[in-house]
Amino acid sequence: MPDATYQKFVKRWEEVTDIPPQTLGPLTQLYKQMTKRLKVTPLPWFVGVSLLVAAGLYIIFGPAVSAIVTLLQRGF
């Protein structure tokens, strides 16, 4: 009897651990291309994205960005 329980456990374990590849619909190829480059050299991507975010915040908030950053650094 324990053998049947073990076989049932193994079958369920295989069902749970077997994960099919994820898809994003029409964006799957773009996602695969971006993550392929991101896995190899992530630092240039992080620098570029952080510069874009900083520039975007400056465009939205103007010089008040420094006041917002100071407020956040103080922990409210």
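**Focus on the overall build of the protein chain**
Here is step 1 of the chain: A tally of regular secondary structure across the protein chain gives 4 helices and 0 strands.
Here is step 2 of the chain: The C-alpha radius of gyration of the protein chain comes to 24 Å, more than 25% above the 11 Å expected for a compact globule of 76 residues.
Here is step 3 of the chain: Taken along the three principal axes of its C-alpha coordinates, the protein chain extends 70 × 35 × 25 Å.
Here is step 4 of the chain: Looking at the 76 residues of the protein chain, the share that counts as buried comes to 5%.
Here is step 5 of the chain: Across the protein chain, 8 positive and 4 negative side-chain charges occur, with their mean positions spaced 20 Å apart.

Quick notes on the rules
Residues numbered from 1 in each chain as written. Predicted model: local features only at pLDDT ≥ 70, side-chain atom pairs only at ≥ 80, totals over all residues. Heavy atoms only, no water. Helix = DSSP H or I, 4+ residues; strand = E, 2+ residues; numbered from the N terminus. Rg over C-alpha atoms; globule rule 2.2 N^0.38 Å. Buried < 20%, exposed > 50% of the residue type's maximum accessible area, 1.4 Å probe, protein only. Lys, Arg positive; Asp, Glu negative; His and termini not counted. Charge placed at Lys NZ, Arg CZ, Asp CG, Glu CD.

These results come straight from atomic positions and should not be treated as a statement about function.
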